[in-house]
Amino acid sequence: MQPDLSLLIRQAQILHPDGQLRVGDVLIRGGTIEQVATEIPLEADETVREIDAQGLTLLPGVIDPQVHFREPGLEHKEDLFTASCACAKGGVTSFLEMPNTRPLTTTQAALDDKLQRAAQKCVVNYGFFIGATAELLPDILEAKPACGIKIFMGSMHGPLLMSEEEVLDKIFSQGSRLIAVHAENQARIQERRQQFAGITDPAIHSQIQDNQAALEATELALKLSKKYQRRLHILHLSTAEEAELLRQDKPAWVTAEVTPQHLLLNTSAYETIGTLAQMNPPLRSPHDNEVLWQALKDGVLDFIATDHAPHTLEEKAQTYPNTPSGMPGVETSLPLMLTQAMQGRCTVAQVANWMSTAVAKAYRIPNKGAIAPGYDADLVLVDLHTYHPVRREDLLTKCGWSPFEGWNLTGWPVVTIVGGQVVYEHGKVNTEVRGKALTFDA
Ligand code: DOR
């Protein structure tokens, strides 16, 4: 297939930057949105490919700001090609990937290697975090392009674990780039692991890494961020207590995200899907689900990330606590959230804001997150009328399973466009398309 550099999307229900849905046409040239028209149809010569989008809704492509795509080093779980194909199918046109690969992404050289690999095989746009280690390598402040510094305050082993306040303080005091934290208190987790040792029911995971462990780490990160007025992003915030903390006290330079699974699944999932429900931070209670939803709608939480963290079914079939934590998400996040919108829990405009516009703003990614002239043509056309279940056999992620199998969802992508090129259409990925490296305005 040839790349479609000029495209005319006809008669889509377009989500405009004012949050309104209005039917119209969008003209794309050279990877950029050139015109958006709702009054009169747009004209184009025969060299422009037309897409009939009647009955479909056009949204800015999803930017997933927290994924683990496993390359290099852990390609038996996933790789940048398979993961990016799953992204295209899920309407995710850009992703920000985490540093816990092998080798760890803690140096400019490791970052360059990932960028090179992505340039060769990613069908969507890509950006990478640089990981902090206690050695405080100078590259964490300078490596480019990086969307931020990732700190694992807990639930990690090896050099990426940084739980000591003294060391954390040093990182917060240096430089100005965004710091993104996995906030769980490692000391508390270790203590509780011993307390509950010998229990093999995976439901214990949510008690070992409990709400208090998350709250304590978030409190510490917030304290350090305030001390230095340092840009802080709280990854996959999972508890009612943390949401209430931020509701009381959230400086303008702090952002927070929530995952679809922390909104839509809770500890009852261990009964149905066992260790497939195991992730860090763990699933919480229905009460936490409710408080997180409210916090998201009130703007206490800023956006949504999947924390796509694939592990093989063989790995997940071991006995807890030998099972790895994490679940895939890029293929299902948009339909999950749009289904919530169609069922009245939120609006389509809110979903697009949480999954694209607000992410571009927080990470200062230029020209993304809106359907307007001059913006990059990263777009997704979704069908908000038809329902399909999540089925294992349809998934493109290499791990081959989803915690949402059997869920009947609407809002599935019909066409996904990356930089003006059709990367996914009617169930097929165009594997010739290549995404670009994202840039992050300092
Ligand atoms: O459940 C998780 N799995 N949470 C993380 O933060 C890491 C991830 C992984 O890499 O498997």
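Residues numbered from 1 in each chain as written. Predicted model: local features only at pLDDT ≥ 70, side-chain atom pairs only at ≥ 80, totals over all residues. Heavy atoms only, no water.

Student: Would you mind going over the sheet that holds strand β6 (residues 62-67) in detail, with residue names and values included?
Tutor: What the 3 strands build is an open sheet, ordered β6-β7-β8; its pairing is parallel. The strands lining the two open edges of the sheet, one partner per strand, are β6 and β8 (125-128). Strand-to-strand twist in this sheet, taken as the mean axis angle between neighbours without regard to direction, amounts to 20 degrees. Pairing of β6 with strand β7 (residues 92-97) involves 4 bridges; the strand directions are parallel. Looking across to β7, one finds that V62 is bridged to V92. Set on the sheet, helix α1 (residues 80-90) makes contact with β7 and β8; between it and β7 the angle comes to about 135 degrees. Packing of helix α2 (residues 108-121) onto the sheet brings it into contact with β7 and β8, and relative to β8 it is tilted by some 170 degrees. (Pairing = 2+ DSSP bridges. Helix = DSSP H or I, 4+ residues; strand = E, 2+ residues; numbered from the N terminus. Axes fitted to C-alpha atoms, helices over the stretch in contact; angles between N-to-C directions. Contact = heavy atoms within 4.5 Å.)

Student: Can you lay out the environment of R345 for me, pointing to particular residues and giving the numbers?
Tutor: Note that R345 resides in the loop between α13 (333-342) and α14 (348-362). What makes R345 partly exposed here is its relative accessible area of 26%. Spatially, the C-alpha atoms of R345 and P282 are 23 Å apart, while their sequence positions differ by 63 residues. The contacts of R345, once residues within four sequence positions are left out, are L264, E290, W293, K297 and Q340. (Buried < 20%, exposed > 50% of the residue type's maximum accessible area, 1.4 Å probe, protein only.)

Student: Now, about the pairing of strand β3 (residues 32-37): what can you tell me, with residues and values included?
Tutor: As a general feature of sheets, a regular strand has side chains that alternate between the two faces. Taken together, the 5 bridges between strand β2 (residues 21-29) and β3 define a ladder with antiparallel strand orientation. Note on β3: the bridge partner recorded for I28 is I33.

Student: Got a sec to walk through the pairing of strand β1 (residues 6-15)? Specific residues and values, please.
Tutor: When you tally the buried positions in β1, you get 7 out of 10 residues, the bulk of the element. One ladder, built from 8 bridges, connects β1 with β2; its direction is antiparallel. The residue bridging L7 from the neighbouring strand is I28, located in β2. Where β1 folds back on β2, the antiparallel hairpin that results is connected by 5 residues, among which G19 adopts a positive phi of roughly 85 degrees. Both β1 and strand β4 (residues 49-52) contribute to a ladder of 4 bridges, which runs parallel. The residue of β4 that forms the bridge with R10 is D52.

Student: Give a description of the side chain of S225 that names residues and reports values.
Tutor: Checked against the element boundaries, S225 lands in helix α7 (residues 211-228). Ignoring anything within four residues of it in the chain, the contact list for S225 reads F172, R230, L232, W253 and V254.

Student: Before we move on, could you go through the site of the ligand and cite the residues and values that matter?
Tutor: Around the ligand, 13 residues are found, and the nearest of them are R70, N100, N280, H311 and S325. Within the contact set of the ligand, an oxygen atom lies 2.7 Å away from a backbone nitrogen or oxygen of N280. H311 has a polar side-chain atom sitting 3.0 Å from an oxygen atom of the ligand. (Near = heavy atom within 4 Å. Polar contact = N/O pair within 3.5 Å; in protein donor to acceptor, adjacent residues only side chain to side chain.)

Student: Describe α2, and please don't skip the residues or the numbers.
Tutor: Counted at 1.5 Å a residue, the expected span for α2 with its 14 residues is 20 Å, and the 20 Å between its end C-alpha atoms agrees. Among all positions in α2, only A110, L111, K114, L115 and A118 are buried. Across the axial projection of α2, the buried residues extend over an arc of 140 degrees, all falling on one side. Those residues of α2 that are exposed and aimed more than 90 degrees away from the buried face are A109, Q116 and Q120. Each element contacted by the buried residues of α2 is listed here: α1, β7 and β8. (Expected span 1.5 Å × (residues − 1). Arc of directions from axis to C-beta.)

Student: Describe the packing of aromatic side chains, naming the residues involved and giving the relevant values.
Tutor: To describe a pair of aromatic rings, you give the distance between the ring centres and the angle between the ring planes. Enumeration over the complete set of coordinates arrives at 7 aromatic pairs. Here F129 and Y363 contribute two aromatic rings whose centre-to-centre distance is 6.0 Å and whose plane-to-plane angle is 85 degrees, an arrangement assigned as edge-to-face. On the criterion of sequence distance, the pair formed by F129 in the loop between β8 and β9 (130-131) and Y363 in the loop between α14 and β15 (379-383) is long-range, its members being 234 residues apart. Across the pair, exposure class does not vary: F129 and Y363 are buried alike. A ring pair is formed by F404 and W407, whose centres lie 4.9 Å apart and whose planes are at 85 degrees; its orientation type is edge-to-face. Under the relative-accessibility criterion, W407 is labelled partly exposed at 29%. For K150, the ring lying beneath its charged end belongs to F152, and the centroid distance is 3.5 Å. (Phe/Tyr/Trp six-rings, centres within 6.5 Å; stacked < 30°, edge-to-face > 60°. Lys NZ or Arg CZ within 6 Å of the ring centre and 35° of its normal.)

Student: Would you mind going over the nonpolar core in detail, with residue names and values included?
Tutor: Residues F95, I151, M153, V181, L263 and L301 are the most contacted members of the largest nonpolar core, which totals 97 residues. Other than its neighbours up to four places away in sequence, V181 contacts I151, M153, F172, A221, L232, H233, I234 and L235. (Core = buried A, V, L, I, M, F, W, Y, C linked by side-chain atoms within 4.5 Å.)

Student: Explain the sheet that holds β9 to me, using residue names and the numbers behind them.
Tutor: Taken in spatial order, the 6 strands make up an open sheet running β9-β10-β11-β12-β13-β14, and their pairing is parallel. Unpaired on one side and paired on the other, β9 and β14 (303-304) mark the two borders of the sheet. Here strand β12 (residues 232-234) pairs with strand β13 (residues 254-258) via 3 bridges, running parallel. Bridge pairing links H233 to T255 in β13.

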